[in-house]
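Breakdown of the fold
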Amino acid sequence: MPSFEIVILGAVGGPYEQATQCFMLRPYGLEGTMESICIDGGAGINQIAWLLMQYKKQAINESVRENFFRESGEILLQDFIDTNIPHQYGFPNSLLSQLDLSLPVHVNAVLIYEGIKEFYITHPHLDHIGAMVLNSPLLFEPNPNSADPKQEKTLYSLPFTSKAIREHIFNDEIWPDLMLEGSEPLMIQDLKEEKAHKSKTFPNWKITAFPVHHGNRVTRPSAKIYSSAFVIQNEFNKDAIAIFGDVEQDELISKIWQHIVDNVPAGSLKAILIECSSPDNINPTNLYGHLSPKLLIHEIKCLSELYKSGLSGLDVIITHVKFSKFNLREDPRVTILNQIKKYAAMETALNGVNFSMTLEGISYIR
Ligand SMILES: [Zn+2]
Ligand SMILES: [Zn+2]
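We now turn to the structure provided with this report. (Residues numbered from 1 in each chain as written. Chains lettered and ligands numbered in written order. Predicted model: local features only at pLDDT ≥ 70, side-chain atom pairs only at ≥ 80, totals over all residues. Heavy atoms only, no water.)

1. Observations regarding the coordination of the zinc ion (ligand 2)
Where we set the bar: The rule for donors is simple: N, O or S, within 2.8 Å of the metal, or within 3.2 Å if the metal is Na, K or Ca. Water isn't counted, so a site may look like it is missing partners. Metal sites are grouped by the angles between bound donors: all angles between 85 and 135 degrees with four donors is tetrahedral, opposite donors over 155 degrees apart with the others between 65 and 115 is square planar for four donors and octahedral for six, and any other pattern is irregular. Exposure classes here rest on a 1.4 Å probe applied to the protein chains alone. A residue is buried below 20% of its type maximum, exposed above 50%, and partly exposed in between.
Taken together, His123 (NE2), His125 (ND1), His214 (NE2) and Asp246 (OD) make up the full set of protein donors to the zinc ion (ligand 2), lying 2.1 to 2.3 Å away. If you look at the zinc ion (ligand 2), its four donor atoms make angles of 89 to 166° with each other, and the shape they trace is irregular. Taken in chain order, the donor set of the zinc ion (ligand 2) reads H-x1-H-x88-H-x31-D. The exposure class of His125 is partly exposed, given its relative accessible area of 30%.

2. Considering helix H8 (residues 332-345)
Here is the rule: Numbering goes from the N terminus for both helices and strands, where a helix is a DSSP run of H or I of at least four residues and a strand is a run of E of at least two. Multiplying 1.5 Å by the residue count of a helix minus one yields the expected span of that helix. Only heavy atoms matter for contacts: two residues are in contact if any of them lie within 4.5 Å across the pair. Polar contact is the term for a pair of N or O atoms within 3.5 Å; when the atoms are in protein, one must be able to donate a hydrogen and the other to accept it, and sequence-neighboring residues count only if both atoms are side-chain atoms.
The end-to-end C-alpha separation of H8 is 20 Å, in line with the 20 Å expected for 14 residues at 1.5 Å each. With ten of 14 residues buried, H8 is to be regarded as a mostly interior element. Of the positions making up H8, those classed as buried are Pro332, Arg333, Val334, Thr335, Ile336, Leu337, Gln339, Ile340, Tyr343 and Ala344. Among the structural elements, helix H7 (293-306), strand S15 (315-319) and strand S16 (354-357) are those in contact with the buried residues of H8. The distance from a side-chain oxygen at the start of H8 to the backbone nitrogen of Arg333 is 2.8 Å, and the residue carrying that oxygen is Asp331.

3. Here's the deal with the coordination of the zinc ion (ligand 1)
Around the zinc ion (ligand 1), the donor atoms from the protein are Asp127 (OD), His128 (NE2), Asp246 (OD) and His320 (NE2), and they sit 2.0 to 2.2 Å away. Coordination geometry of the zinc ion (ligand 1): the four donor atoms subtend angles of 91 to 162° at the metal centre, consistent with an arrangement described as irregular. Expressed as a motif, the donor residue spacing for the zinc ion (ligand 1) is D-H-x117-D-x73-H. The metal-metal distance between the zinc ion (ligand 1) and the zinc ion (ligand 2) is 3.5 Å, with Asp246 coordinating both. Residue His128 is located in helix H4 (residues 126-135), and its partner Asp246 is located in the loop between strand S13 (240-244) and helix H6 (251-263); the two are separated by 118 residues in the primary sequence. Judged on exposure class, the residue His128 and its partner Asp246 are both buried.

4. Quick look at the sheet that holds strand S2 (residues 22-27)
The test is simple: Here, any two strands with at least 2 DSSP bridges between them count as paired. Throughout, an axis means a line fitted to C-alpha atoms (over the contacting stretch in the case of helices), and angles, computed between N-to-C directions, take values from 0 to 180 degrees.
Strand order in this open sheet of eight strands is S6-S17-S1-S2-S3-S7-S8-S9, and the pairing throughout is mixed. What marks the edges here is a single partner per strand, and that holds for strand S6 (87-89) and strand S9 (186-190). Along the sheet, successive strands turn relative to each other by an average axial angle of 25°, direction set aside. Pairing of S6 with strand S17 (residues 362-365), which is carried by three bridges, proceeds in the antiparallel orientation. Bridging across to S17, Gln88 finds its partner in Ser363. Contacting strand S1 (4-10), S2 and strand S7 (116-120), helix H1 (residues 45-56) crosses the sheet at an angle of about 105° to S1. The strands that helix H3 (residues 105-115) touches are S2, strand S3 (36-39), S7 and strand S8 (153-157); relative to S7, the one it contacts most, it runs at about 55°.

5. Looking at unusual backbone geometry
With omega at -10°, the peptide bond leading from Gly14 into Pro15 counts as cis. Within the element layout of this structure, Pro15 appears in the loop between S1 and S2. Positive phi is not limited to glycine here, since His320 has a value of about 65°. Tracing the backbone shows His320 in the loop between S15 and H8. Overall, His320 belongs to the buried group, its relative accessible area being 1%.

6. Re the nonpolar core
What counts, and what does not: Buried Ala, Val, Leu, Ile, Met, Phe, Trp, Tyr and Cys residues form a nonpolar core when they are joined through side-chain atoms within 4.5 Å.
Grouped together as the largest cluster of nonpolar side chains are 70 residues, with contacts concentrated most on Ile6, Leu25, Ile232, Phe244, Ile260 and Ile272. In terms of residue count, H8 provides more of this core than any other element does, six residues in total. Residues in contact with Leu25, not counting those within four places in the same chain, are Glu5, Ile6, Ser36, Ile37, Ile39, Phe202, Trp205, Ile232, Ile241 and Ile243. Counting residues in hydrophobic clusters, the runner-up holds 35 residues, among them Phe91, Ala109, Ile121 and Ile169.

7. Regarding the packing of H6 against H7
Two packed helices can be described by the angle between their axes and the distance between those axes. In plain terms, the rule: Crossings are assigned a handedness: left-handed for a near helix turned anticlockwise from the far helix by less than a right angle, right-handed for a clockwise turn. In this count, Pro and Cys sit with the nonpolar residues alongside Ala, Val, Leu, Ile, Met, Phe, Trp and Tyr, while Asp, Glu, Lys and Arg are called charged and the others, Gly among them, polar.
Contact geometry of H6 with H7 gives a least axis separation of 10 Å together with a crossing angle of 35°. Between H6 and H7 lies a crossing of right-handed hand. Seen from H6, the contacting residues are Ile253, Trp257, Gln258 and Val261; seen from H7, they are Glu299, Ile300, Cys302, Leu303 and Leu306. Taken together, the residues that form the contact of H6 with H7 break down as seven nonpolar, one polar and one charged.

8. Considering the pairing of S15
Side-chain positions along a regular strand alternate between the two faces of the sheet. This is how it is decided: The path from the first strand over the helix to the second decides the hand: if it runs clockwise while the strands point away from the viewer, the crossover is right-handed.
Burial runs high along S15: five of the five residues are buried. Residues Asp315, Ile317 and Thr319 line one face of S15 and the alternating positions Val316 and Ile318 line the opposite face, and both faces are buried. Both strand S14 (residues 269-275) and S15 contribute to a ladder of five bridges, which runs parallel. The residue of S15 that forms the bridge with Ala271 is Asp315. The handedness of the S14 to S15 crossover, carried by H7, is right-handed.

9. Side note on the pattern of salt bridges
Between side chains of opposite charge, a pair can form when the charged atoms approach closely. The line we're drawing: Salt bridges, as used here, are contacts in which a Lys or Arg side-chain nitrogen is within 4 Å of a carboxyl oxygen on Asp or Glu.
One pass over the structure, following the stated rule, counts ten salt bridges. Of the charged contacts, one joins Glu235 and Lys198 as a salt bridge, the two residues approaching to 3.2 Å between their closest N and O atoms. Within this pair, whereas Glu235 is found in the loop between strand S12 (224-234) and S13, its partner Lys198 is found in strand S10 (residues 197-198), the two being separated by 37 residues in sequence.

The values are spatial; any link to function lies outside them.
What follows is the structure, given as structure tokens:
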């Protein structure tokens, strides 16, 4: 029985400005409420509306999607998604069944947006918070169609992220100070490193944040940039997923693997969503605090060595590919996924691990 529904609202790592990282999560099959939480806020109501519009136009073909990298403008989904990983196109049925789809797309998009009660932000880079910020004024408008008059959202993050968002975004300069003390609808709260936090929206879920490294500052190359990863676990059945923000390879990832092995029984780790921003042929000095296929496979292998029973059945879902100006004729997501699969095939420890590439508009059921 699955535990999680993961809707990919956005998964790109820029420089394209639309549909950057945002994953909407709900317990599997949850009916009677549209509540959800999001990891990162790089995509928002525009992507929700786009997804509903695809459904309305019935434009979601079972195998083909739009693609800017091919002359035909289309790609085959099988190039991106491992068919062993349960998935569907568009929002999960548990959410769609609660909407009156004869209404305009905008009405339903607002309802789904209002259902997002918590954002867990990995780090304050714009591709992880942009849409969340732009959408925030909606919280201050009463909605005559909403059954839920209390429109509130809370951002949760490690202190370095909360501080940056508070000081440099909602500061009345870059964006209005919608978090002014006492203005309820938009709140921000610090998480503690490596300490489980109980989600208010889904109290069976405990969410643990880990700091990771994400390159060095431009102005002070000796200073590290920080990002986060979250481990989300259902306390009852112990099923868990791990979701990474931008991350570079070093010992901080090993700490997360150790936590997972200590707390998640073999077979209960359902999926890892982790970035792989650039292909292998990139000069390592141009990784800027991200992973490449070789580094990613090294990390998954380290996790597999910690789990004595191996990782068969685990889904590793790749996110945050950068659309570079090179190799313009080939989709970099396909290049990267193929490189990852090639390395994985050479490692017996990774037998049975499924590798897929995130694509906006896909829901994974895990
Ligand atoms: Zn990013
Ligand atoms: Zn970043």
